[in-house]
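Remarks on the overall topology
What follows is each chain in one-letter form.
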Amino acid sequence: MNETHLNGESSDIISENVKQLQQLFPEVFVEDSIDFEKLRTVLGEYVDEDEERYNFTWWGKSQALRLAQIPSTGTLRPYPEESIDWDTTQNLYIEGDNLEVLKLLQKNYHNKIKMIYIDPPYNTGNDFVYLDDFTDNMQRYLEITGQKSEKGGKLSTNSETSGRYHTNWLNMMYPRLRLARNLLSDAGVIFISIDDTELENLRKICNEIFGKENFVAQILWKKRSTPPNDKVIGAQHDYIVIYQKQDFKGNLFLRPRTEKQLSRYKNPDNHPKGPWTPGDLMANVKGGRYVQSLYFPITNPRTGQVHYPGENGNWRFNQDKVERLMENDEIYFGEKDNGRPKLKRFLKNVKSGITWTSIWDFSPLNTAGSQEMEQLLGSSGIFENPKPVGLLCDLLKLGSSEDCVVLDFFSGAASTAHAIMELNSYDSGSRKFVMVQLPETTSEKSEPYKAGYSNICEIGKERIRRSGENIKAELAKKYQAQQNQMMVADEKQIMNPDDLDIGFKVFKLDSSNLRKWQVNEEDLETSLFENIENFVSGRSDLDVVYEIMLKYGIDLTLPVEETGSGDHKLFSVGLGALLICLDDEIKTSAAQEIVRLKGELKPEVMRVVFRDSGFKDDSTKTNIKEILRTNGVDEIVSI
Ligand SMILES: C[S@@+](CC[C@H](N)C(=O)[O-])C[C@H]1O[C@@H](n2cnc3c(N)ncnc32)[C@H](O)[C@@H]1O
């Protein structure tokens, strides 16, 4: 049985990296330190000793790299009252600075995210670029969001005259992208919206973080039909830059055929291979140089009519193959059986979709994003330039599988969540979303503020609530119609609206619930007294339960049940895989109750967490541990 002590920090990224290196090259480790000379030898000719090597750097880059590696001292606090379908939903809405949130998600989502879409600030001079604090980023966040000072900090725009214009943007993006890469699964893909201002810099940092060889494409999407007239050349487009985690089969998907394209495939003769469409049996040849073995007569077996290839061609297959096709009834002579022979092309044999192009034209929809928001929220100007749902649905078709997790950590008005629910309702998928957004306050004179939205997270959550309701209502109508047999039999099965997840669990970034052992030398007595109590005052049991799940890397969407009879309250996570007791006075009866639950729930592995200060004395603690050990509890943790 293991015994551990849990502290209030997120996973340590540097030590994870060192562990991986140790697995690859155990020989370069000397008493847990790396012998760089040996590592150099192991890597041989791949080591670049030249000081003038090709390198992209800027002021603050190494500090930004270090920032990505410092564990977060924050946590995510649950807000069931602001959530929808708290007990069942698989979706998350997280309020907070995405750097800290990405650090906190390192354990839970390591290697688990199939698709990331982000639409970061383009750095146009009008959008603000979050400035991280290299000494205490959590503290800065709490000040900015008004949780540490009365006024709340100001988020200023990054102006072109700031002298650190591109540098500020790079310092903001670099650590976030590094952390994001860890979350991508092997088949993972990241899509990043950007315009000309930072395109070049974005490509360079992505080449470094994801590897140049993992660049997939740079889609140019035409977003407006008319150019803005602020310059001689008015930009009508943005870009979507795509990188994959690695070259992996199945990381991207062909464009699904539309209903119209599919309707060309029919099965009038009830062919056992299913629906087909007539395709060419003849191949054109250049300059009359046809191939002798492909030039022969084909006779319609029913009418006796004989056909030769046309003047400029030969058949696509030799005589043997054509005979086999005839035997299998795979040659078609037209509706009236008197036409030239054609090949039956079966739907099941054609590629599952169509190749995507690198230019996407959404120009007729240039204001679609804003219109969609206006329709949903009932007034205009609530959020500037949200992305159109249609664009995001296409990106999801390209990069997500039907049951994966999609992350957007600059989620703004939550257009990505809207698109995920929309697409799921269309293709019966069960994609789940994780939205992350800073609770950026809206100014008092702004439209969103007047409409009752004090920060962008309020807009995002309301957007998901309303779009989810609408999508579900629409789906319910279609489902009912199909149930009433008002739809044609071979049309695709409509998803049961009860299976569509339109809920989300809200979490908010805050400082850890676990008090750190920080002694104030000047007031030793109070300081020691405060530290005996392990939890920050004002935090609930549920806050602590979710922090434990987060630090353990347990899925935050797993059900948490309050259980236990008698003297103790126990929280059971994932049907007994983790049992948490946060009581003040833990007696041996707690151990008996845990053993009883172990027998009842039969989890494969059981871990138990206790509040350390809850043990009255050392002998009760030892007794409890002994009872649990003899009854096969795998791990005990105290916090
Ligand atoms: C361009 S908007 C995204 C719009 C979104 N794609 C949509 O269609 O609704 C970028 C968003 O990122 C948010 N943001 C900027 N810095 C952030 C940070 N450090 N953490 C979380 N969100 C941040 C901004 O508040 C802004 O709402």
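Rules behind the numbers
Residues numbered from 1 in each chain as written. Predicted model: local features only at pLDDT ≥ 70, side-chain atom pairs only at ≥ 80, totals over all residues. Heavy atoms only, no water. Helix = DSSP H or I, 4+ residues; strand = E, 2+ residues; numbered from the N terminus. Buried < 20%, exposed > 50% of the residue type's maximum accessible area, 1.4 Å probe, protein only. Contact = heavy atoms within 4.5 Å. Near = heavy atom within 4 Å. Polar contact = N/O pair within 3.5 Å; in protein donor to acceptor, adjacent residues only side chain to side chain. Areas by Shrake-Rupley, 256 points an atom, 1.4 Å probe, with all protein chains shown as cover. Nonpolar A, V, L, I, M, F, W, Y, C, P; charged D, E, K, R; others polar. Pairing = 2+ DSSP bridges. Axes fitted to C-alpha atoms, helices over the stretch in contact; angles between N-to-C directions. Salt bridge = Lys/Arg side-chain N within 4 Å of Asp/Glu carboxyl O. Left-handed = near helix turned anticlockwise from the far one by under 90°. Expected span 1.5 Å × (residues − 1). Domains from an automatic or database assignment. Phe/Tyr/Trp six-rings, centres within 6.5 Å; stacked < 30°, edge-to-face > 60°.

What follows is about the overall build of the protein. Along its length, the protein carries 18 helices and 27 strands. Each of the three principal axes of the protein carries a C-alpha extent, and together these read 105 × 65 × 65 Å. Looking at the 639 residues of the protein, the share that counts as buried comes to 45%. At a minimum sequence separation of 6, the contacts of the protein that also span at least 24 residues come to 74%.

A few words now on the site of the ligand. Residues in close proximity to the ligand total 21 residues, the closest being Asp119, Lys387, Ser415, Gln437 and Glu440. Contacts to the ligand include Ala413, whose backbone N or O atom sits 2.8 Å from an oxygen atom. Within the complex, 92% of the 610 Å² of free accessible area of the ligand lies under protein. Here the shell around the ligand is built from residues that sort into 10 nonpolar, 6 polar and 5 charged.

The subject of this paragraph is the sheet that holds strand 19 (residues 359–361). Backbone-to-backbone hydrogen bonds pair the strands of a sheet. The strands run either parallel or antiparallel. Spatially, 4-22-5-21-20-6-7-9-8-19 is the arrangement adopted by the 10 strands of the open sheet, whose pairing is mixed. On the outer flanks of this sheet lie strand 4 (74–78) and strand 19, each paired with one strand and no other. Across this sheet, the average inter-strand angle for adjacent strands is 20°, counted without regard to direction. Note that strand 8 (residues 215–222) and strand 19 share 3 bridges and pair parallel. Bridge pairing in strand 19 links Leu220 to Ile359. Here helix 14 (residues 456–483) sits on the sheet and contacts strand 5 (92–95), strand 21 (432–437) and strand 22 (505–511); the angle it forms with strand 5, its principal contact strand, is near 170°.

Let us now look at the pattern of salt bridges. Taken as a whole and judged by the stated rule, the model has 35 salt bridges. For Glu208, the salt bridge is made with Lys61, and the minimal N-O distance between the two is 2.6 Å. Of this pair, Glu208 sits in helix 7 (residues 196–210) while Lys61 sits in helix 3 (residues 61–69), and the two are 147 residues apart along the sequence. Note on Lys61: relative accessible area 11%, which makes it buried. Among the ionic pairs, Asp584 bridges to Arg611, the shortest N-O distance being 3.6 Å. Linking Asp584 in the loop between strand 25 (578–581) and helix 17 (588–601) with Arg611 in the loop between strand 26 (607–610) and helix 18 (618–630), this pair joins segments that are 27 residues apart in sequence. Note on Asp584: relative accessible area 56%, which makes it exposed.

With their axes 9 Å apart at the nearest point, helix 3 and helix 6 (residues 165–183) run at an angle of 40° to one another. For helix 3 against helix 6, the interelement crossing comes out right-handed. Judged by residue contacts, Lys61, Ala64, Leu65 and Ala68 of helix 3 engage Asn171, Tyr174, Pro175, Arg178 and Leu179 from helix 6. By residue class, the composition of the contact of helix 3 with helix 6 is 6 nonpolar, 1 polar and 2 charged.

To continue, consider helix 7. Taking 1.5 Å as the rise per residue, helix 7 with 15 residues should run 21 Å; its terminal C-alpha atoms sit 21 Å apart, in good agreement. Of all the residues in helix 7, the buried ones are Glu198, Leu199, Asn201, Leu202, Ile205, Cys206, Ile209 and Phe210. Here the buried face of helix 7 lies against helix 6, strand 7 (184–194), strand 8 and strand 9 (237–244). Phi for Gly211, located one or two positions after helix 7, is positive at around 95°.

For the protein, the assigned domains read domain 1 (74–256 + 355–506), domain 2 (279–347) and domain 3 (510–638). Taking only C-alpha atoms, the centre of domain 1 and the centre of domain 2 are 52 Å apart.

How two aromatic rings sit relative to each other is given by the distance of their centres and the angle of their planes. In this structure the tally under the stated criterion is 13 aromatic pairs. Between the aromatic rings of Phe215 and Tyr243, the centroid separation amounts to 5.4 Å while the plane-to-plane angle is 65°, which identifies the pairing as edge-to-face. Here Phe215, found in strand 8, pairs with Tyr243, found in strand 9; they are 28 residues apart in sequence, far enough to count as distant. Among the residues examined, Phe215 registers a relative accessible area of 26% and is labelled partly exposed. What makes Tyr243 buried here is its relative accessible area of 0%. Consider the rings of Phe507 and Tyr546, whose centres lie 5.3 Å apart with planes at 65°: the pair is edge-to-face. Note that Phe507 is positioned in strand 22 and Tyr546 in helix 16 (residues 541–552), a separation of 39 residues in sequence. Site record: aromatic cluster; members linked through ring pairs are Phe56, Trp58 and Tyr174.

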